[in-house]
Amino acid sequence: MIRRVSATSCLSATAFRSFTKWSFKSSQFHGESLDSSVSPILIPGIHVFHCPDEVGIVAKLSDCIAAKGGNILGYDVFVPENKNVFYSRSEFIFDPVKWPRSQMDEDFQTIAQKFSALSSVVRVPSLDPKYKIALLLSKQDHCLVEMLHRWQDGKLPVDITCVISNHERAPNTHIMRFLQRHGISYHYLPTTDQNKIEEEILELVKDSDFLVLARYMQLLSANFLKDYGKDVINIHHGLLPSFKGRNPVKQAFDAGVKLIGATSHFVTEELDSGPIIEQMVERVSHRDNLRSFVQKSEDLEKKCLMKAIKSYCELRVLPYGIQKTVVF
């Protein structure tokens, strides 16, 4: 059951910590999503909340914002049927002079304690630093190229700290020149089945807020995921939960599917089984050959991964149970 609260009718006056086997482990969320030009004085903020369901949560959260002179622009609520759990995401504008950033954290934390919240996270895009992310990839470049171009255009609200690959790239290629021009380091770490070089990777990514596997065709061990301790987002070139493992596009082609897809999900110990963030599909037919399957798949992968990263940075993705997500 989804309850949607109208900001105009009801509210116009007005990191994640582990709680299942997987969680959003970053304590702060960074990036830019809302239009800061709404007012020359007021700036936008985002708050997400997850707690046991009870009467009065929405009223308390909206009163908190209104009491500081803020105004809610949008409010989404999700309460699963027959489950005692509450999720919400609010977008609001406020005057940082009247409501200092540090005080905002304290005010929402007071409400979190009152309702025994499992998660209460605030982000102010114009004041908080962007996410720092590291990218891992193998031979294919299409997802990396898309990310770099969107990042350059200011459409990807992150700072890219480094690119790591188990495939070497010539220094005169477009990608290498781009990375060098923008001061993004590139690390070639050749891996084998016997040596995944995970200690070296951990050292390079230890200061990142989350990792992105932009078609990294290597498995990350349980020890790596535990030692890293933060979220890892992967793009799978198939429509999960079908066609897991190697060469899912060939699997789909051989199966004669009529829809081909891409899936962005969180990485867990079990291959291609993490909670799904985003999925996209495109129709195919008997006229398509394997080459056109691959071409359509690559286009879907780029779009799907970008959408997942943007949603994550905008606090739209919340863990739901053990295997699911709420995506506002």
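Scroll up to find the structure this text is about.
What you see as residue numbers is a count from 1 along each chain, following the sequence as written. Only residues with pLDDT of at least 70 get local features here, since the model is predicted, and only at 80 or more are side-chain atom pairs given and counted; chain-wide, interface and lining totals rely on the full set of residues. With hydrogens and water excluded, all non-hydrogen atoms of the structure serve as input to the side-chain values.

(A) Quick look at the sheet that holds strand β8 (residues 185–188). The pairing criterion is simple: DSSP has to find at least two bridges between the two strands. Every helix listed is a DSSP run of H or I at least four residues long, and every strand listed is a run of E at least two residues long, numbered separately from the N terminus. Ordered in space as β8-β7-β6-β9-β10-β11-β12, the 7 strands form an open sheet in which the pairing is mixed. In this open sheet, the two strands that pair with only one neighbour each are β8 and β12 (276–283). Strand-to-strand twist in this sheet, taken as the mean axis angle between neighbours without regard to direction, amounts to 20°. When strand β10 (residues 232–236) meets strand β11 (residues 259–266), the two strands line up antiparallel, connected through 4 bridges. All axes here are fitted lines through C-alpha atoms, helices being fitted over the stretch that makes contact, and every angle between N-to-C directions spans 0 to 180 degrees.

(B) The pairing of strand β9 (residues 210–213), seen in detail. Relative accessibility under 20% of the residue-type maximum defines a buried residue, over 50% an exposed one, and the middle range a partly exposed one, all with a 1.4 Å probe and only protein chains included. In β9, alternate side chains face the same way, and those of Phe210 and Val212 on one face and Leu211 and Leu213 on the other are all buried. Strand direction decides the pairing type here: β9 and β10, joined by 3 bridges, are parallel. Across the sheet, Val212 pairs through a bridge with Ile233, a residue of β10. Throughout, right-handed denotes a crossover for which the path from the first strand over the helix to the second runs clockwise when the strands point away from the viewer. This β-α-β element, β9 to helix α6 (residues 222–228) to β10, shows right-handed connectivity.

(C) Representation of the nonpolar core in the model. Nine residue types can take part in a nonpolar core, namely buried Ala, Val, Leu, Ile, Met, Phe, Trp, Tyr and Cys, and a core is a set of them joined through side-chain atoms within 4.5 Å. Counting residues in each nonpolar core, the largest one holds 42 residues, and the members touching the most others are Ile133, Met147, Val158, Phe210, Leu305 and Ile309. Looking at this core element by element, the count peaks at 9 residues for helix α8 (residues 290–313). Whether two residues are in contact is decided by their heavy atoms: any pair within 4.5 Å suffices. Every residue in contact with Ile133, bar those within four places of it in the chain, is listed here: Met147, Val158, Asp159, Ile160, Thr161, Cys162, Ser208, Phe210 and Val212.

(D) Expanded view of the packing of aromatic side chains. Here a Phe, Tyr or Trp ring, Trp counted by its six-membered ring, pairs with any other such ring whose centre lies within 6.5 Å, and the pair is stacked when the planes are under 30 degrees apart, edge-to-face when over 60, and tilted otherwise. Applying the stated rule across the entire model yields 15 aromatic pairs. With a centroid separation of 5.9 Å and 80° between ring planes, the pair formed by Tyr87 and Tyr320 is classed as edge-to-face. Here Tyr87 is found in strand β4 (residues 86–94), whereas its partner Tyr320 is found in strand β13 (residues 317–320), with 233 residues between them in sequence. Assessed through its relative accessible area of 1%, Tyr87 is described here as buried. Ring geometry for Phe92 and Trp99: centres 6.0 Å apart, planes at 35°, overall tilted. Judged by relative accessible area, Trp99 falls into the buried class, the value being 0%. Taken together through their ring pairs, the aromatic side chains of Phe92, Phe94, Trp99 and Phe108 make up a single cluster. Whether a charge sits over a ring depends on NZ of Lys or CZ of Arg being within 6 Å of the ring centre and within 35 degrees of the ring normal. A cation over an aromatic ring shows up here: Lys114 above the ring of Phe115, its NZ or CZ 5.5 Å from the ring centre.

(E) Layout of unusual backbone geometry. Following Leu240, the chain continues to Pro241 via a peptide bond in cis, the omega torsion being 10°. Backbone geometry places Ile197, a non-glycine residue, at a positive phi of 55°. Note that Ile197 resides in the loop between β8 and α5 (198–205). According to the relative accessible area criterion, Ile197 is buried, its value standing at 8%. One non-glycine residue with positive phi stands out, namely Phe243, at about 55°. Checked against the element boundaries, Phe243 lands in the loop between β10 and α7 (248–255).

(F) Inspection of the packing of α7 against α8 at higher detail. At a minimum axis distance of 10 Å, the contact between α7 and α8 shows a crossing angle of 130°. One element, α7, and the other, α8, form an angle in the oblique class. For the element pair α7 and α8, the recorded crossing hand is right-handed. For the pair α7 and α8, contact is made by Val249, Lys250, Ala252 and Phe253 and by Leu290, Phe293, Val294 and Ser297, respectively. Looking at the contact of α7 with α8, its residues break down into 6 nonpolar, 1 polar and 1 charged. Each angle gets one of four labels, with under 35 degrees taken as roughly parallel, over 145 as roughly antiparallel, 65 to 115 as roughly perpendicular, and the rest as oblique. Note: crossing handedness is left-handed where the near helix turns anticlockwise from the far helix by less than a right angle, and right-handed where it turns clockwise. Classes in brief: Ala, Val, Leu, Ile, Met, Phe, Trp, Tyr, Cys and Pro nonpolar; Asp, Glu, Lys and Arg charged; the others, Gly included, polar.

(G) Structural detail: the environment of Val249. Among the secondary structure elements, Val249 is positioned in helix α7. Taking relative accessible area as the criterion, Val249 reaches 6% and is therefore assigned buried. Between the alpha carbons of Val249 and Arg291 there is a distance of 9.8 Å; along the sequence they are 42 residues apart. Not counting the four nearest positions on each side in its chain, Val249 is found in contact with His237, Ile260, Leu290, Phe293, Val294 and Ser297.

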